[in-house]
Amino acid sequence: MTTVSRPILDRGRAYEDKQESQLLVVLRRFRRHKLAVISTILILFIFGVSLLAPLLAPFGRDAIDLTSPVRPAPPGTHDMAGQIHLLGIDQLGRDLFTRLLYAARVSMSIAILVVLISETFGMLLGAVAGYFGGIVDTIISRVIEFMLTIPTLPILLIISAILLRRDVVIPLPGFINRLLSGLLLAPEREAQKVVVLVLILVVFGWLGAARLMRGMALSLSKQDFVEALRAAGASDARIIFRHIIPNGLAPILVDASLALGGVIVTESALSFLGLGVQDPTPTWGNMLSTSQSYMFQHPWLPLVPGIPLVIVSIGFNFIGDGLRDALDPRLKR
Amino acid sequence: MTNYLIRRIIQMFFVIMLAALFTYFLFTVSPGGPLAGIQQQQRRITREDLARLRANYELDLYWPIRFSRWLIGVPSGPIVIGGRELFADTPVGCYLPRDRQVVIQDGQQVVIPAGCDDYVYLSEIPKLHPAVKSSRGILRGDFGLSTVVRAGRPVWDEIMSRLPATLELMIISTLLSFLLGIPIGIYSAIKQYSRFDYTFTTISFIGSAMPTFFFGLLLILLFTVFPSMLQNTFPWLPHLPPGSRLAVRPYEVAPWLPRVTPGTALDHFLHLLMPVGVLTFFYMATWSRFVRSSMLEVLRQDYVRTARAKGLYERVVIVKHALRNALIPFVTVAVLTIPGFFAGAIITETVFAWPGMGRLYYDALTRSDWPIALAFIFVTALLTVIATLLGDVLYTIVDPRIKYS
Amino acid sequence: MSLKKLSVLLSIVMIASMVLSACATPAAPAVPQVVTQIVEKEVEVEKVVTQVVETVKEVEKTVEVVKEVAAEEYTTPHPILSDVRVRQAIAYCMDRDALIASVYDYVDDPEGLIMDSPWPKTHWVHSEDYDFPMYDPDKGKALLEEAGWHEAGGQRVNDKGDVLALKFTTTNAAFRQTWGAVFIQNMAACGIQILPSYVPASWWFGDTTGLARRDFELGAYAWVGQTEPAGRTLYACNQIPLPSNNWEGQNYMGWCNQTASDAVVRATNTLLRDDRVAAYDIVQKEFAKDVVSIPVFQRAEAEAWSSDLQGIKSDVTEYATTNLHEWALADGSDTIVIGMTQEPDSMLALVSSMAAQRLVDRPAKGVIVSQYDYDFQAVLQDGLSTIESGLATNDTVEVNAGDKVYNTEGDTVELAAGVSVFDADGNTVEYDGSGTVSMKQLKVTYKLQDYTWSDGQAGSVEDIKLGHQFDCDRDSGATTFILCDAIVDVTFADDALETTVTYAPGYQDPTYHLFPFSLYPSHQVLSDGRNLKDVPAAEWLTLPEIAETPLSFGAYYVKEWVKGQSMTLAANPYYWGGEVKTPNVIYTFVADTNQAVAQLLNGDVDFLDSSTLGAGSEVKTVIDAAKATGAVTYNILASSTWEHIDINLFVK
């Protein structure tokens, strides 16, 4: 076994060397897309801020300040101790700036989790389908086709209406709960409900990656080097993980970046309709939803969660576009 | 081609059935439902009252039976063959379920049904669920009766009362987005890397990434909230109605416009402006990007190069050779907008309180009116499948190189 | 480094850094404490398993123990709350003025909203000041000391070392979270630690969760006070929801005070108002003594209308549009526009429970009896059929086995051995299977004034017959049939709008004098040619002639209903009460309260009722506008809905 795999390992290393210089090329090309670079900086900033949410936040996430007789109150309102509410307070008297930070964290975590899980899952399924072909491919392709025919938003709404509004909680091992609750900076019970939303979004999120990877795997599996590997006795799993998937990673990366934007918008849309993450867990979507009810008298309210949401959503799209340009000049728009 | 069509239609049928079964199952397993909270609303309700109310929503029947009744209207009673009633004694549901209390460890309690005190037999269906209150089956065009949103009235009537609003909104914004998006896409492709191209690709990027609900709120802020706040300083600012489809009494938009009378064309127009604006912007972005990339693809083809090499005018090359071929994929994709004409735009309709299908669906979901939600999903899925087929068929017509067998 | 590795690494760093930064500050300490609370309770239940609970391996055993306990749930007194002194201390420590100010800072007279008994001060049943513990933190602290809860570092602990911490459950509605925050501050000032749990209403009020299963320690929610005080299902001993009675009843506290229980049962079984007042007086006194449920405040509710609109009669127990025929716009305009955030589900009032439906139904179908000011007034009914008026008799009859009687449970059954009834003296008697029981039996004659349907057809006694027939049909879709079941005989006059109803012995409902049925147009011919009379009850709800544009005997009728948009009412030309002041009324359905207020201030809408305007921050907007321009007028009412904190006296 060792003797056989040796040349393959070598080839892998050569491949890596090539990739390393390729990385520089990619970075250089990416830099040319100015909007993508600006977006990266902005998103990294928002991301950094959400990481430091508990340190930056001047108030507790759910702390209610009843000093101001008017709620919601505009930016600059002080609490009893004279501490300033940077972006004002919401209808309950909670500090909007604090909630915005925590919301960034929740929205970003959801997006990253969903995209990580669904791209991985889609990638695996797509690679398996494309590599093996035949009945496996037929089944997976049919499932994808079926999923594509059913109207996504209405079904998403049904599932979330059923699961989230009724307080259904998926039992998970304790350490995952604790991990998530730390990640979201929310009590475990709230984290458990976010998991439900993540899973719902994953169910409809893996299709793109699976189709992309299937196409790549289909063409790769017919190429000579794969035949050679097979003849050399490499296992299917090895071929898929060492050769098919790495080769198809570039478009997946582009897809993932676009998907990050998409998931953030979908999650906020669900929360906006009251069918996603529920108060008191803040997300940009549910903050926007409550702000809608007060916007006639307090017009600054929708802008607070709306602006970061738009920046992140458009930003991820620009990054995806920049990545596409950088990774594969042939794919250039 | 005929064989292909037949195969596709059979496939379509199964896809629809699967989608219907899936959604129906979702509603079945969902806790709550139209009777949620009834015991809190009513100070005193007996087990018998509850059973009767459950039967009103057919909740006394087992869900596969309910599904079959919803889908094709059977069983509506015992099967009669040659004057003999078959399966009359088969239990098809439970009129009086017996609840058992079970406590799980962390102090939370769940109730699981532990048997039945009064089964519903097939022979009892005509009595418990008379034909007037039963659906003849959605496959036979009967959508059943609404449960909550319009208690007891046919779902069909409700849909028909909402459809015009949705059609109005969707057709106008789809057409507008075509009218704007296609020329922009073509022009961007021709003048690739020009300032025009750069500007509009960026705009369309923003358009397709911008969440519609935030864009909607932004418009309301800009055209309703701010003008009314600034009424004293800038009285000439126009002030658009923030929602709904028609006004109920005359209103003023701006001092330099006459008062608007409800129900007039101007009233319609003013109410349409913002929702149509949001949707058009969103769709236009998609279409211009699509047309641009397919146009670029075509411009790279050999025959375009040949045509240019022949010394044809650029305009002729573009209009006669490139444009036609670039629009082929567009036509097949444009067909996919059809389901939207029925389904409407859930988010935009909610933001602007537009009394259309999307809002009806949203209301039905949040208030647990399953028959309306199911009808909506069913028709939307059906239209999606038909549109996909139509797209594929159109493809063979506009592009003779492609043949299905 | 390859691109793949880079991306994997990046994502790991992202997640890890989020987790790490989370560790910097503890994430929400409330939850673990709640868990300990529950475990403690379990330990109390079964002392043997104290150690077992701690170890993970023995979880199976714990489950078994809990299951055994499940059969006899809520019979163990609560370790903290079963002590009346703690309950009183909670009441003493609660600053109601601050609570009210936190949610209704615009109310001029917060005192007027404070409740000291289960009935509002303006209700006729509230006959004196009840000595319910009011804000006095020193007294509260003293009581806690007396009860063995000693101050220790901002908390209170007892000799066993238990911390005085209580779970406070309520819905996640913004309004409750706000006053909840003040409540928590108040309690903290007395050393009582509150662990708040704001849950979705669907869980808290679910049929098999939350309140219905008594899954709380302190639980806040609201009751809607009614014209008839009722209260038997809330405070009687046999109304405690338990597994053994299939969780029936609404005495969620588990309060069994025999004096109060007997009084409330007696109060709901006598027709003489003086007796009822006396009986309820006892209930309220016991209630103030035992402090099992703390009435907090009446909710405010606000109505607002354009100052041009005249004739509004605001009331807490009657829908604002009941006197719609008296409304008029100052400029003589012929159309009034009413904004509503909800749309009616059906015009068949029997199956609908929506406020929006009633707001349309009252003027657009007709009013038989109105309910202003916690009392009843005859409208179409020709005088209330009280005993005093001579239209009703309440005679003592001898009842034999097999006769239909109304039992103490509130069901109409045949008298047989084991059936409990109230005898003529109001005492509970269990029938032993032989002999007779003397019981009170109501026989009431109801009369209506002449009326004409909106199609010009004069009303007839047939309409009343149809009303009785439909309302009491099991297929009508109505929720309960308590009244129908209690009717043992009903006769109709031949040529007068009159019916005489005989109720089962023992049925002593205080609302006996109100016309008991709806009126339906017995002459109506449907579009398919059938007569309404002949249509089976199950079908009525599907008929547009009933559910959408019904005939009316009221001041208006529904002319057009554009779904999702508006409903148009036109004056009924045949209205028995004379001509209406404004011929057209439009109900327009608005997305939310904020938009409704914006439309009111714009002048697009003339009136917003309390179910649309509510009591939130929008009310403030209205008040500000009213003060600034005077273009709108508002009225803030102490509504019949009152917030209270129930105390669960028992644990699982």
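Residues numbered from 1 in each chain as written. Chains lettered and ligands numbered in written order. Predicted model: local features only at pLDDT ≥ 70, side-chain atom pairs only at ≥ 80, totals over all residues.

**Regarding the overall build of chain B**
Tallying secondary structure elements over chain B gives 15 helices and four strands in all. Relative to its length of 405 residues, chain B is extended, with a C-alpha radius of gyration of 28 Å against a globular reference of 22 Å. Projected onto the principal axes, the alpha-carbon positions of chain B cover approximately 85 × 70 × 50 Å. Per-residue burial for chain B yields a buried fraction of 39% across its 405 residues. A separation of at least 24 residues holds for 65% of the contacts in chain B among residues at least 6 apart in sequence. (Helix = DSSP H or I, 4+ residues; strand = E, 2+ residues; numbered from the N terminus. Rg over C-alpha atoms; globule rule 2.2 N^0.38 Å. Buried ≥ 20, exposed ≤ 12 C-beta atoms within 10 Å, placed from the backbone. Contact = placed C-beta atoms within 7 Å.)

**Concerning the overall build of chain C**
Counting secondary structure elements, chain C contains 20 helices and 26 strands. Taking all 652 residues of chain C together, 47% fall into the buried category.

**Overview of the domain arrangement of chain B**
Domain boundaries in chain B define domain 1 (45-142) and domain 2 (157-398). On a C-alpha basis, the centres of domain 1 of chain B and domain 2 of chain B stand 44 Å from each other. (Domains from an automatic or database assignment.)

**Quick notes on helix 11 (residues 236-247) of chain A**
The terminal C-alpha atoms of helix 11 of chain A, which comprises 12 residues, lie 15 Å apart, in line with the 16 Å expected from a rise of 1.5 Å per residue. Taken as a whole, helix 11 of chain A has its buried residues at A:Ile239, A:Ile240, A:His243, A:Ile244 and A:Ile245. (Expected span 1.5 Å × (residues − 1).)

**Focus on the sheet that holds strand 4 (residues 165-171) of chain C**
All names here are of chain C. The 10 strands lie next to each other as 5-4-6-25-7-24-10-23-22-21, forming an open sheet whose pairing is mixed. The sheet is open, and its two borders are formed by strand 5 (193-199) and strand 21 (556-562), each paired with just one other strand. Taken together, the two bridges between strand 7 (residues 293-306) and strand 24 (residues 607-608) define a ladder with antiparallel strand orientation. Each residue of the ladder has a partner; that of Trp305, found in strand 24, is Phe607. Relative to strand 5, helix 8 (residues 174-189) is tilted by about 170°, and along the sheet it contacts strand 4, strand 5 and strand 6 (218-224). Here helix 18 (residues 593-602) sits on the sheet in contact with strand 7, strand 10 (335-340), strand 24 and strand 25 (632-647), set at roughly 155° to strand 10. (Pairing = 2+ DSSP bridges. Axes fitted to C-alpha atoms, helices over the stretch in contact; angles between N-to-C directions.)

**Observations concerning the sheet that holds strand 19 (residues 487-492) of chain C**
All names here are of chain C. On the basis of which strands lie adjacent, the open sheet formed by four strands has the order 13-18-20-19 and antiparallel pairing. The outermost strands of the open sheet, each flanked by one partner alone, are strand 13 (392-399) and strand 19. Recorded for the sheet is a direction-independent mean angle of 20° between the axes of neighbouring strands. Helix 14 (residues 461-471) contacts strand 19 and strand 20 (498-503) of the sheet and is inclined by roughly 160° relative to strand 19.

**What about the environment of A:Tyr102?**
Residues and elements named next belong to chain A. In this structure, Tyr102 sits in helix 4 (residues 96-132). Given 25 C-beta atoms within a 10 Å radius, Tyr102 is considered buried. For the pair Tyr102 and Ala57, spaced 45 residues apart in sequence, the C-alpha separation works out to 8.3 Å. Leave out the neighbours within four places in its chain, and Tyr102 touches Ala53, Ala57, Arg61, Leu185 and Pro282.

**With respect to the packing of helix 18 of chain C against helix 20 (residues 617-629) of chain C**
Residue and element names in this part refer to chain C. Contact pair helix 18 / helix 20: the axes reach a minimum separation of 10 Å and the direction vectors enclose 10°. Relative to helix 20, the element helix 18 lies roughly parallel. From helix 18, Thr593, Asn594, Val597 and Leu601 reach across to helix 20, where they touch Glu618, Thr621, Val622 and Ala625. For the contact of helix 18 with helix 20, the residue count by class is four nonpolar, three polar and one charged. (Parallel < 35°, antiparallel > 145°, perpendicular 65-115°, else oblique. Nonpolar A, V, L, I, M, F, W, Y, C, P; charged D, E, K, R; others polar.)

**Examining helix 7 (residues 137-146) of chain C**
Residue and element names in this part refer to chain C. Three or more residues of helix 7 are buried, namely Gly140, Lys141, Leu143 and Leu144. The buried residues of helix 7 occupy an angular sector of 160° when projected down its axis, which confines them to one face. Of the residues in helix 7, the exposed ones pointing more than 90 degrees away from the buried face are Asp138 and Glu146. Trailing helix 7 by a residue or two, Gly148 shows a phi angle of about 95°, which is positive. (Arc of directions from axis to C-beta.)

**Focus on the pairing of strand 23 (residues 584-589) of chain C**
Residue and element names in this part refer to chain C. Counting buried residues in strand 23 gives five out of six residues, a clear majority hidden from the surface. Where strand 22 (residues 566-571) and strand 23 come together, five bridges link them in antiparallel fashion. In the sheet register, Leu569 faces strand 23, and the bridge partner there is Val585.

**A few points about unusual backbone geometry**
All names here are of chain B. Going from Val74 to Pro75, the amide bond is cis rather than trans, its omega being 0°. In this structure, Pro75 sits in the loop between helix 4 (63-72) and strand 1 (79-81). With a phi close to 70°, Tyr193 is a non-glycine residue in the positive phi region. By the secondary structure assignment, Tyr193 is in the loop between helix 6 (155-190) and helix 7 (195-209). A count of 9 C-beta atoms within 10 Å places Tyr193 in the exposed class. With phi around 65°, Ser244 is a residue other than glycine that occupies positive phi space. You can see Ser244 is positioned in the loop between helix 8 (212-229) and helix 9 (265-299).

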